[in-house]
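Structural overview for review
Now for the letters of each chain:
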Amino acid sequence: MNFFALLATCAGIIVAASHAEATATEAPLVCRNLIDDDANGHADNRGVTTTDLIGLRDIGPNFGTDLPKSPLALSPDGKHVAFVLSRAGPALNDYCQALVTIDSQSQRPLKILDMTRGLINDVQSIRGFRTTNGTSLINNPLWSPDGQYLAYLVLVSSIPQARVVSVDSASVVFTTTSETAVREIGWTSAGMLLFGNEPEAAKLEADIDQRGRAGFLYDDSFIPNRAARPSIPAPIPIRFQSLTASGADLRLATIEEISERAERSDYRTSKGLLRSVPGSRGLAVQLVRRDWTSLSSPTDLWIQNADGRRERCNDPACASGIQNMWWIEGAKRLLFLRRAGWGNSELQFYSWDMKSAPKAILKTEDLITGCRLASDTLICLHEASNQPRRIVRINSDSGARTILFDPNPSFRGLRMGGVKRLRWKNSIGIECFGDLVLPQKHSNRSKIPLIVVQYLTRGFLRGGVGDEYPIFPLAEQGFAVLSLQRPADYYMTVKDGSIRTALDARTINQRDWNDRRSVHSALMNGIALVESHGGIDIDHVGITGLSDGVSTVQFALVNAPGRFAAASISTGFQEPKSTQIYGGSAWAKQLIAMGYPSLSDDQTHFWSTTSIERNVDKFNLPILMQVSDNEYLMAMESYGILKANNRPTELYIFPNENHIKTGPAHRFAIYERNIDWFKFWLKHEEDPSAKKKSTYDRWRAMAAQKNLAP
């Protein structure tokens, strides 16, 4: 019986058992294909399709870079790893979320403990107000101290709730019924579950509703492109409640219980201290900014001894770039992970006995993140440019990797274009890199169009930031794709200690568009390097982007007119009026503090090198805009300008979406439309599907109007 057959058998038993539990729920319809590895069609050496990408099983959110915390949870005895396995269902426009466990030492089939639906978005505090940008929560489960239960977050009637599941019986014990979102969960050493909700949020929203009866006075709490009502201030106080693992004795958490939880958190208590990891015998390792007043200062690794003595590691391996640290065998040895190499494109694991020089045990350009220490072994998430995320075990002595769980085994059977890592420098000497993906059947005898995807290229090459530009499916359709890594911020080149605050960094970045010029240079030099390899049709280059990537597109259209033949963007261009009006007065004040002119000032000089409106006569290329409904107002100024000047432009607005679009049906439509768009404008090809006839009729009319017809 193969892996997924065993998994299906296991799931059947668990689902059947769950029906006997009074608190259990039936497996949602969207979960019916969770373990069906043939749901996307047999992987018989065919190319990667958009269906393959949308159907990937994910462990943690797809940020395209290092995760801020791990989605993995190691059991108290170290024998099992728990995590939430997620899969998008475009047909139902929903997600399956499954709580599962695997063995930490072997490749035994996973065990499904619970299945639910819906994706929980994280919340952020931006300019002092509560918002969400669409990034999903890192829903890491938590083991009870005795290892009998797991707690994690589920979505119930659109409200995040805490759920406790029995590990042995794979059944739901209880789910909280909080009227406001549960944002945090934890266990006390006595085995009590803590969950934190936000009763104050409901009061604040009710107060806003009441104020609305007399009309809202417009102020900094408004973000017009998101909603026609004030935002609530952030952060929101968390109220912790406590109950037993069986769901009994619900009460407010005691000060001792809350304090116990706080003591386990990683607090930064001294100036320049970025992180401290305690070991045995009173030892601690500390990551400290050398000049605590400077954001661009190097960092140092220090050992804090039990008697208070501190020793700095003076080896070059300890200088800057350290991402994480773990004590091995109590405190006999330190393992640390750092970013280094060309443009910090490499991950390096070091082992240090504090007697001799740190020893490199692993160096790779793959992405390794979310590591948990199990005795002297690391359990991590690993992905390569052509390999989606999986769970591996890393030997702390040798760095050898062993695959524990691959959620997408059939992906290895798909045909993918070749990937080549490219390295270059921009005009001010910053090291840059990107990944060039070529079609599987590419021949140098014929030149092919190039598409630039931005702006992170670490790990699996999925669809760029926001996951909207499907890299391998584009290569399968005959395009070369340059996945571009954004270079380090310009302010990091300032080494005189003058960059002391985030405002200092933003201001020097903005001055004379320093950072935008740096990124633009990286983009243009990268394209030139790709073209120097030959085989690229230099007259048919496309460019894409979301967020910061859109700023790169905008700067390129104005400052390299004629370089690009087609563009697709996921958020609106930045224009003088919409930026400071629809973004809200709080954002306008922040921009002015950075060096933007206010609307009462002359805008001409400042915007001359980047505004679409002031430079629309410089370029004439087709531009596709696919934006969310809570950001579309920011796109309207540039869209109106482009249409008024008869530029071939098309705008799609996706409902109930944020900066990062998460709806599976929306994501799939965006994938498909981007492929159709670039095939039409760069390769002069059309999909013969009858349902797309009206689309191509519009595009042909736009092409003919501006003499851009194939």
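The structure we're discussing is the one just above.
Below is a short write-up of the structure. Only a predicted model underlies this, so the values are computations on that prediction, with no experimental measurement involved. (Residues numbered from 1 in each chain as written. Predicted model: local features only at pLDDT ≥ 70, side-chain atom pairs only at ≥ 80, totals over all residues. Heavy atoms only, no water.)

**So, the overall build of the protein**
The test is simple: Note on conventions: DSSP H or I runs of at least 4 residues are helices, E runs of at least 2 residues are strands, and numbering of each starts at the N terminus. The quantity called the radius of gyration is restricted to C-alpha atoms. Its globule counterpart is 2.2 Å times the number of residues to the power 0.38. When accessible area is computed with a 1.4 Å probe and restricted to protein chains, residues below 20% of their type maximum are described as buried, those above 50% as exposed, and intermediate ones as partly exposed.
Looking only at helices and strands, one finds 15 helices and 35 strands in the protein. At 26 Å, the protein has a C-alpha radius of gyration in line with the 27 Å of a compact globule built from 710 residues. Seen through its C-alpha atoms, the protein measures out along the principal axes to roughly 75 × 65 × 60 Å. Residue burial in the protein is summarised as follows: out of 710 residues, 56% are buried.

**A word on the packing of helix α14 (residues 664–683) against helix α15 (residues 693–705)**
Going by this rule: Here, axes are lines fitted to C-alpha atoms. For helices the fit covers the stretch in contact, and angles between N-to-C directions go from 0 to 180 degrees. Angle categories are assigned with fixed cut-offs, so that under 35 degrees is roughly parallel, over 145 is roughly antiparallel, 65 to 115 is roughly perpendicular, and the rest are oblique. Whether a crossing is left-handed or right-handed is set by the direction in which the near helix is turned from the far one by less than a right angle, anticlockwise for left-handed and clockwise for right-handed. Contacts were defined at the residue level, with two residues in contact if any of their heavy atoms lie within 4.5 Å. For this classification, the nonpolar set comprises Ala, Val, Leu, Ile, Met, Phe, Trp, Tyr, Cys and Pro, the charged set comprises Asp, Glu, Lys and Arg, and every other residue, Gly included, is treated as polar.
Axis separation between α14 and α15 bottoms out at 12 Å; the angle between their running directions is 40°. By the angle between their directions, the pair α14 and α15 is classed as oblique. Pair α14 / α15 crosses with right-handed handedness. Every residue of α15 that contacts α14 at R673, D676, W677, F680 and W681 is listed here: Y696, W699, R700, M702 and A703. Here the residues of the contact of α14 with α15 sort into seven nonpolar, no polar and three charged.

**Let's talk about the pairing of strand β27 (residues 401–405)**
Quick reminder of the rule: Any two strands between which DSSP finds at least two bridges are classified as paired.
Note that strand β26 (residues 387–395) and β27 share four bridges and pair antiparallel. Directly across from V392, in β27, lies its bridge partner I403. Between β26 and the antiparallel strand that follows it, β27, lie five residues; G399 among them carries a positive phi value of about 80°.

**Some words on the state of the cysteines**
For the record, the criterion: The disulfide criterion is simple: two cysteine sulfur atoms within 2.5 Å.
All told, the structure shown has three disulfides when counted by the stated rule. C371 shares a disulfide with C380; S-S distance 2.1 Å. An S-S torsion of about 115° defines the bridge between C371 and C380 as right-handed. Judged by its relative accessible area of 0%, C380 falls in the buried class. Sequence-ordered numbering of the disulfide-bonded cysteines in the protein gives the connectivity 1-2, 3-4, 5-6.

**Considerations on a nonpolar patch on the surface**
Stated formally: Exposure above 30% relative accessible area and no salt bridge define the residues that can form patches, which grow by joining like charges within 9 Å and nonpolar side chains of Val, Leu, Ile, Met, Phe, Trp and Tyr within 5 Å. Method for areas: the Shrake-Rupley scheme with a 1.4 Å probe, in which residue coverage is limited to the protein chains shown. By definition here, a salt bridge exists when the distance from a side-chain nitrogen of Lys or Arg to a carboxyl oxygen of Asp or Glu is within 4 Å.
Together, I581, Y582 and L599 make up an exposed nonpolar region whose accessible area comes to about 250 Å². A relative accessible area of 31% means that Y582 is categorised as partly exposed.

**Re the nonpolar core**
Our working rule: Throughout, nonpolar core names a set of buried Ala, Val, Leu, Ile, Met, Phe, Trp, Tyr and Cys residues whose side chains join them through atoms within 4.5 Å.
In terms of nonpolar packing, the biggest core is built from 37 residues, with L450, F573 and I623 touching the most fellow members. Per-element accounting of this core gives the leading share, five residues, to helix α8 (residues 548–559). Setting aside chain neighbours within four positions, we find F573 in contact with V550, V553, Q554, L557, I612, I623, M625, M634, S638 and L642. Membership of the second largest hydrophobic core comes to 36 residues, among which are L461, F472, A475 and F479.

**A look at the pattern of salt bridges**
Counted by the stated rule, this structure contains 42 salt bridges. Residues R423 and E365 are paired through a salt bridge, measuring 2.6 Å at the closest nitrogen-oxygen approach. With R423 in strand β28 (residues 418–425) and E365 in the loop between β23 (359–364) and β24 (367–374), this residue pair connects regions lying 58 residues apart in the sequence. For E365, a relative accessible area of 28% corresponds to the partly exposed category. Linked through salt bridges whose partners overlap, the residues forming this network are R486, D489, D515, R516 and D548.

**Describing the pairing of strand β21 (residues 333–340)**
In terms of burial, β21 is a largely internal element, eight of the eight residues being buried. Residues R333, L335, L337 and R339 of β21 are buried on one face, and the alternating residues L334, F336, R338 and A340, pointing to the opposite face, are buried as well. Bridge count between strand β20 (residues 322–328) and β21: six bridges; the pairing is antiparallel. Residue pairing for β21: W327 is matched across the bridge by L334. If you look at the hairpin formed by β20 and β21, you'll find four residues sitting between the two strands, and E329 has a positive phi there, around 55°. Across seven bridges, β21 lies against strand β22 (residues 346–352) in antiparallel orientation. Looking across to β22, one finds that A340 is bridged to E346. In this structure, the hairpin formed by β21 and β22 is closed by a connection of five residues, where G341 is found at a positive phi of approximately 75°.

**Description of helix α7 (residues 514–532)**
Counted only if it meets this: One fewer than the residue count of a helix, multiplied by 1.5 Å, yields its expected span.
The end-to-end C-alpha distance of α7 is 27 Å, a good match for the 27 Å that 19 residues give at a rise of 1.5 Å each. Of the positions making up α7, those classed as buried are N514, D515, R516, S518, V519, H520, S521, A522, L523, G526, I527 and V530. Where α7 terminates, the next one or two residues include G534, which has phi positive at roughly 85°.

Bear in mind that shape data such as this cannot, by itself, settle questions of function.
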